[in-house]
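Descriptive structure summary
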Amino acid sequence: MNRSIVEQRTERTQWFLHDRFGMFIHWGLYAIPARDEWVRSQEKMTLEDYQVYFDEFNPDLYDPRAWARIAKQAGMKYAVMTAKHHDGFCLFDSQLTDYKSTNTQAKRDLVREFLDAFRAEGLKVGLYYSLLDWRHPDYPAYGDLHHPMRDNPEFERDPATFDRYLDYMHGQVRELLTDYGMLDIMWFDFSYEHLQGKAWRANELMEMIRSLQPQIIVDNRLEASGSIGGSIYSNDPSFYSGDFASPEQIIPPRGVVNEAGESIPWEACITLNNHWSYSSSDQVYKTARMIIRKLVECVSKNGNLLLNVGPNARGEIPDKSKAILEEIGSWIRRNSDSVYGCGEAGIEKPEWGRYTKRGDKLYAHLFEENVGAINLLGLAGRIKKARLLADGSEVLIGHPWNTALYSNDAFLSLSRPEHYTFPLPDEI
Ligand code: FHN
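Okay, so let's go over this structure. Since we're looking at a predicted model, the values are computed, not measured.

**Some details on the overall build of the chain**
Each helix and strand in the chain was counted, giving twelve helices and twelve strands. Considering only contacts within the chain whose residues lie at least 6 apart along the sequence, 72% involve residues at least 24 apart. When the accessible area of the chain is evaluated, it comes to approximately 17,300 Å², of which 49% is carbon and sulfur surface.

Structure, rendered in structure tokens:
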């Protein structure tokens, strides 16, 4: 076990494990076609076909301070925005390419404005950076947008050409870590079986990252998902294995542990509808209640939730997303004690919901609508007192519950994940 890597990871991720809830932002030229951030690949657009979006891009309503207030009000403590996605378009003023937001009609460094605005609202900030680049002439997919590594495992990268791409990629990461102040998260995306780790010159990249911004935490996508040897899941993680695991669109059944069964930092990234970027047709949004339960589930398994929004081409977060985030915020304002700084309770999951725990306080999250008398799983007699977080009212423990709690109405009101605070006696 490489204790120093694990010990440094533990130290770096303290704030991350406390904050639990962040905003993911997928934004770029693909907001104009408004179908999917993979639209260029999916519809096999040529560089010329896609150029029209660069020529048009001018998010006149972009107000990152308003975005930051939306995130803060929703109870989010950090935010990660795309600095460059697979299409190669840079939302920052890179000196290594002309394919950037400062060269569009907007003439704005969208990343710098994002970072300034979210820091001003007190949120921690991170940048998503795609390791793939469909526009760069030295990247294997240049021209053919399919997965060259997957479709053609025999694909032989021309070392000289690919190294030129890696110099570009490393150079842009250096720009982001040098010219934009202190960042809290570097969110790389993503590796293939044939294109991971050494193929990215990952050790060299991580050396640079750790020397420029030693406090920054990095996700685990410099390695292919599911890889074990030397990965963040192994007992001997590599130098580039990252600081947190990044399950996508799922919450792992038992959270994320390494080979030794030790909990490791992890963050589930999940969309509000079914698209990462703005989709004018996808109106199938998860409800606030569903998201709250996903957040509680992540925390109950020692994980974080990174909830995604896809702003439109004019720079606005969709109204539906805003409404859901507002409802989540009103819940969190009353129940934040059961989320921030909390983690798994070490008690068997009750059939009516989930537990989270912080220090000697146990939080019961009631999800079921029609539960019988809530038997606190034999905890009665071992719990000194209970309070409903939402209104501070006393919950009688060990006595016949006051009748109000037996009626469905009470449970209905309780079934929104309300909480009890159980100061736990020592023996638990
Ligand atoms: O291909 C990307 C996708 O567009 C999106 O950015 C997600 C978010 O984590 N990551 C990749 C798919 O795994």
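**Notes on the site of the ligand**
Neighbouring the ligand are 14 residues, the closest being His-26, Glu-37, Trp-38, His-86 and Asp-189. Between Tyr-128 and the ligand, the recorded distance is 3.3 Å, taken from a side-chain N or O atom to an oxygen atom. Side-chain polar atom of Arg-221 to an oxygen atom of the ligand: 3.4 Å apart, as the coordinates give it. Grouping the constituent residues of the shell around the ligand by class yields seven nonpolar, three polar and four charged.

**Some remarks on the pattern of salt bridges**
On inspection of all chains with the given rule, the structure shows 22 salt bridges. Of the charged contacts in the structure, one is a salt bridge between Asp-163 and Arg-201, with a shortest N-O distance of 2.9 Å. You can see Asp-163 sitting in helix H8 (residues 159–179) and its partner Arg-201 sitting in the loop between strand S4 (185–189) and helix H9 (202–212), a full 38 residues away along the chain. Judged by its relative accessible area of 19%, Arg-201 falls in the buried class. Taking the shortest distance from any N to any O, the salt bridge between Asp-243 and Arg-210 comes out at 2.9 Å. On the criterion of sequence distance, the pair formed by Asp-243 in the loop between strand S5 (217–218) and strand S6 (267–271) and Arg-210 in helix H9 is long-range, its members being 33 residues apart. Sharing partners across several salt bridges, the network here consists of Arg-65, Arg-69, Lys-72 and Glu-121.

**Digging into helix H10 (residues 288–300)**
Taking 1.5 Å of rise per residue, the 13 residues of H10 would be expected to cover 18 Å, and the 18 Å separating its terminal C-alpha atoms lies within 8% of that figure. Burial of H10 is extensive: ten of the 13 residues sit out of reach of the surface. Along H10, the residues that are buried comprise Ala-288, Ile-291, Ile-292, Arg-293, Leu-295, Val-296, Glu-297, Cys-298, Val-299 and Ser-300. One or two steps after H10, the chain reaches Asn-302, where phi turns positive at roughly 65 degrees.

Conventions and cut-offs
- Residues numbered from 1 in each chain as written.
- Predicted model: local features only at pLDDT ≥ 70, side-chain atom pairs only at ≥ 80, totals over all residues.
- Heavy atoms only, no water.
- Helix = DSSP H or I, 4+ residues; strand = E, 2+ residues; numbered from the N terminus.
- Contact = heavy atoms within 4.5 Å.
- Areas by Shrake-Rupley, 256 points an atom, 1.4 Å probe, with all protein chains shown as cover.
- Near = heavy atom within 4 Å.
- Polar contact = N/O pair within 3.5 Å; in protein donor to acceptor, adjacent residues only side chain to side chain.
- Nonpolar A, V, L, I, M, F, W, Y, C, P; charged D, E, K, R; others polar.
- Salt bridge = Lys/Arg side-chain N within 4 Å of Asp/Glu carboxyl O.
- Buried < 20%, exposed > 50% of the residue type's maximum accessible area, 1.4 Å probe, protein only.
- Expected span 1.5 Å × (residues − 1).

None of this, on its own, says anything about what the molecule does.
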